[in-house]
Amino acid sequence: PELTSVEVLDYTETNHINFEAEIRFREDPGVVQVETFGVSLNAEGTCFYGMQVEAVMNRIKDNISLDHLSRILVDAQEDSSSIVDSVISQYQRDLLDLVFIGDAANRNKFNLIIANEITPHLTAGEYMDKGEYENEFKQVIGDTRAAYDITE
């Protein structure tokens, strides 16, 4: 069945709540998905989701392709909205609809991806090659205007 298990980690009654949600949505035949989100909601309306990717298909921890990562991000976007929708009140849903002019389900979300390394190890400029590498990144982060090296 399509269920979500929620475990409250900590909260203050009027300011914030942090919880962990285990997703048990029905998947396509042959697809095994273990998905757990960390969720943080605060009184100002900020909502953070977090997850650690441990395996995709036959890739465990390392060498997860950007193609697979882009599919995970789409799934996480949809599932995170379902999680929050299941724990907020009707009044809060009505407020979201008001703020987003009836389109709360499609509100903007931002992804932050942290990785230990990217293979091949190239400079930011080399990834902006107008070819294969840049196209792979666009699958995950969308249109790119610029890229910068932070450290070597």
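Higher on the page you've got the structure.
Structural notes, computed from the coordinates. (Residues numbered from 1 in each chain as written. Predicted model: local features only at pLDDT ≥ 70, side-chain atom pairs only at ≥ 80, totals over all residues. Heavy atoms only, no water.)

## With respect to the pattern of salt bridges
Oppositely charged side chains can form a pair if their charged atoms are brought close together.
Line of reasoning, step 1. Scanning all chains against the criterion turns up three salt bridges.
Line of reasoning, step 2. One salt bridge in this structure joins E134 and K138, with 3.8 Å as the shortest N-O distance. Of the two residues, E134 and K138 both sit in helix α4 (residues 132-141), four residues apart, roughly one turn of that helix.
Line of reasoning, step 3. Judged by relative accessible area, which is 4%, E134 ranks as buried. (Salt bridge = Lys/Arg side-chain N within 4 Å of Asp/Glu carboxyl O. Helix = DSSP H or I, 4+ residues; strand = E, 2+ residues; numbered from the N terminus. Buried < 20%, exposed > 50% of the residue type's maximum accessible area, 1.4 Å probe, protein only.)

## A short note on the pairing of strand β2 (residues 16-24)
Line of reasoning, step 1. Of the strand pairs in this sheet, strand β1 (residues 3-12) and β2 are connected by nine bridges, and their pairing is antiparallel. Note on β2: the bridge partner recorded for T4 is I23.
Line of reasoning, step 2. Connecting β1 to the antiparallel partner β2 that follows it, the hairpin turn spans three residues.
Line of reasoning, step 3. Pairing analysis gives eight bridges linking β2 to strand β3 (residues 35-42), with the strands arranged antiparallel. Along β3, the bridge assignment pairs A21 with F37. (Pairing = 2+ DSSP bridges.)

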